[in-house]
Amino acid sequence: MRKITIIGAGSVGSAIANDMMTMGIATEILMIDVNKPKAFGEALDVYQGVTFCAPAIVRSGDYADAKDSDIVIITSGIARKPGQTRLELAQTNVNILKDIAPQIVAAAPNAIYIIVSNPVDVLTYVFHKISGVPESRIIGSGTVLDTARLQSELARRFHLNPQNVHASVYGEHGDSSFVPWSLATISNIHIDSYKACCPEPENIKWEQNYEEMEEFVRTSGGKVIKSKGATFYAVAISVCHICKCIANGSGTALTVSTMMHGEYGVDDVCLSTLALVDANGVRGKILSKLTPEEEAKLQNSANKLKEVIHNIEI
């Protein structure tokens, strides 16, 4: 049995619930929203497809109903508007989180918490400071989606399965994110050497396009928002992937947002580096060897986030 509570029945929360049921991740899915009729309608809509999926209960309820939840996913907040940065959302969504946190933690004190609302790194940090939940059980969705965007685009350019692409996005889930290219490999070969080793080099579209690729990752979310008003499908499936890694329990390397304690010269801020996620939450960080330039970029990203944190009321 696995019970998962989703706070927020907007586009992201509802997409997560639907994906979660189709993937068979949970046996019970609870949806909570200040708009109770909306939560009821979304839960009922998802549940009525259960005939085609693994058996599961999908329902709406209140915070008290979240008792015994194994995982709580927080998606509540004001959505990012076209042209708006994630960091510009900060104080409004911090205030929403401050209202939610004591109520949900009182009901589900032993759950693993996944923060999805933006700005996710700032909100993950705030949740650490106000919730009383142990650090290992607080996970920001971080750059898991950014990393997926990176890997899917590299896979297209290299003409292979994305699972053969090992490259990650570090730092803020936002404009100061970056790719540590020194660690990027294709089928265990460094990304810049793969073309010379592969069977069809003429099909590969890669000329060390570092800046172009990072810009693609940073602007992907904004392009979707400009085109359709919101992003929710890809973020939903990335959050479900985090839940699957928790359920698997063996330990999976993910670029989730976690509290830093001096790693790479970064302290007292949440951002994304590789961490091991298992049935207990965050087992620990994987301390890859970054170049001095990459460490400087991570520190710059941390400083950008700290500027926002210093200007919000927690």
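Details of the structure are given in the entry above.
Note that this is a predicted model, so its numbers are computed, not measured. (Residues numbered from 1 in each chain as written. Predicted model: local features only at pLDDT ≥ 70, side-chain atom pairs only at ≥ 80, totals over all residues. Heavy atoms only, no water.)

Trainee: Is there a simple way to think about the environment of Phe-216 in this case?
Mentor: Along the chain, the position of Phe-216 falls in helix H7 (residues 210-228). Filtering out sequence-adjacent residues up to four positions away, Phe-216 remains in contact with Arg-149 and Glu-153. (Helix = DSSP H or I, 4+ residues; strand = E, 2+ residues; numbered from the N terminus. Contact = heavy atoms within 4.5 Å.)

Trainee: Got a minute to help me understand the side chain of Ser-288 in this structure?
Mentor: Within the secondary structure layout, Ser-288 lies in the loop between strand S14 (281-285) and helix H9 (292-310). With relative accessibility at 18%, the residue Ser-288 sits in the buried group. With sequence-adjacent residues up to four places away left out, Ser-288 is seen in contact with Tyr-170, Leu-183, Tyr-264 and Leu-274. (Buried < 20%, exposed > 50% of the residue type's maximum accessible area, 1.4 Å probe, protein only.)

Trainee: Is there a simple way to think about unusual backbone geometry in this case?
Mentor: Across the chain, the bulk of peptide bonds are trans and the bulk of non-glycine residues have phi less than zero. Following Asn-118, the chain continues into Pro-119 via a peptide bond in cis, with omega recorded as -5°. Its place among the elements puts Pro-119 in the loop between strand S5 (112-115) and helix H4 (120-131). Located in the positive-phi region is Asp-68, a residue other than glycine, with phi close to 70°. Inspection of the secondary structure assignment puts Asp-68 in the loop between strand S3 (57-60) and strand S4 (71-74).

Trainee: Hey, could you run me through the pattern of salt bridges in this one?
Mentor: Side-chain pairs of opposite charge can arise whenever the charged atoms involved come near each other. Tallied over the full model, the rule gives 12 salt bridges. Across the salt bridge formed by Asp-278 and Arg-283, the nearest N and O atoms sit 2.9 Å from each other. Look at Arg-283 and you get partly exposed, because its relative accessible area is 48%. A network of salt bridges, in which partner residues are shared, links Glu-153, Arg-156, Arg-157 and Glu-212. (Salt bridge = Lys/Arg side-chain N within 4 Å of Asp/Glu carboxyl O.)

Trainee: Would you mind going over H4 with me for this structure?
Mentor: Since the α-helix packs 3.6 residues into each turn, any two residues three or four apart lie on the same face. For H4, which comprises 12 residues, the first-to-last C-alpha distance of 16 Å matches the rise-based estimate of 16 Å (1.5 Å per residue) to within 8%. With 10 of 12 residues buried, H4 lies mostly within the body of the structure. Here H4 has its buried residues at Val-120, Asp-121, Val-122, Leu-123, Thr-124, Tyr-125, Val-126, Phe-127, His-128 and Ser-131. Residue Gly-132 follows H4 closely and has a positive phi angle near 80°. (Expected span 1.5 Å × (residues − 1).)

Trainee: What am I meant to see in the packing of H4 against H9 here?
Mentor: For any two helices packed against each other, one specifies the inter-axial angle together with the distance between the axes. Where H4 meets H9, the closest approach of the two axes is 10 Å, and the angle between their N-to-C directions is 60°. Between H4 and H9, the angle falls in the class oblique. The interaxial crossing formed by H4 with H9 has right-handed handedness. Only Leu-305, Val-308 and Ile-309 of H9 make contact with H4, whose side of the interface consists of Asp-121, Val-122 and Tyr-125. Considering only residue class, the contact of H4 with H9 consists of 5 nonpolar, no polar and 1 charged. (Axes fitted to C-alpha atoms, helices over the stretch in contact; angles between N-to-C directions. Parallel < 35°, antiparallel > 145°, perpendicular 65-115°, else oblique. Left-handed = near helix turned anticlockwise from the far one by under 90°. Nonpolar A, V, L, I, M, F, W, Y, C, P; charged D, E, K, R; others polar.)

Trainee: Teacher, can you tell me more about the packing of aromatic side chains here?
Mentor: The description of an aromatic ring pair rests on the distance of the ring centres and on the angle between the ring planes. Considering all chains together, one arrives at 8 aromatic pairs under this definition. Aromatic side chains Trp-181 and Trp-206 sit 5.6 Å apart centroid to centroid with 40° between the ring planes, which places their arrangement in the tilted category. Of this pair, Trp-181 sits in the loop between strand S7 (165-166) and strand S8 (185-186) while Trp-206 is found in the loop between helix H6 (194-197) and H7, placing the two residues 25 residues apart along the sequence. Look at Trp-181 and you get buried, because its relative accessible area is 6%. For the ring pair Trp-206 and Tyr-210, a centre distance of 6.1 Å and an interplane angle of 50° mean the geometry is tilted. Looking at Tyr-210, the relative accessible area reads 25%, which means it is partly exposed. Members of the aromatic cluster, joined through ring pairs, are Phe-158, Trp-181, Tyr-194, Trp-206 and Tyr-210. Taking the ring centre of Phe-232 as reference, the NZ or CZ of Lys-228 above it sits at 4.0 Å. (Phe/Tyr/Trp six-rings, centres within 6.5 Å; stacked < 30°, edge-to-face > 60°. Lys NZ or Arg CZ within 6 Å of the ring centre and 35° of its normal.)

So, to be careful, I would describe these as geometric facts and stop short of saying anything about function.
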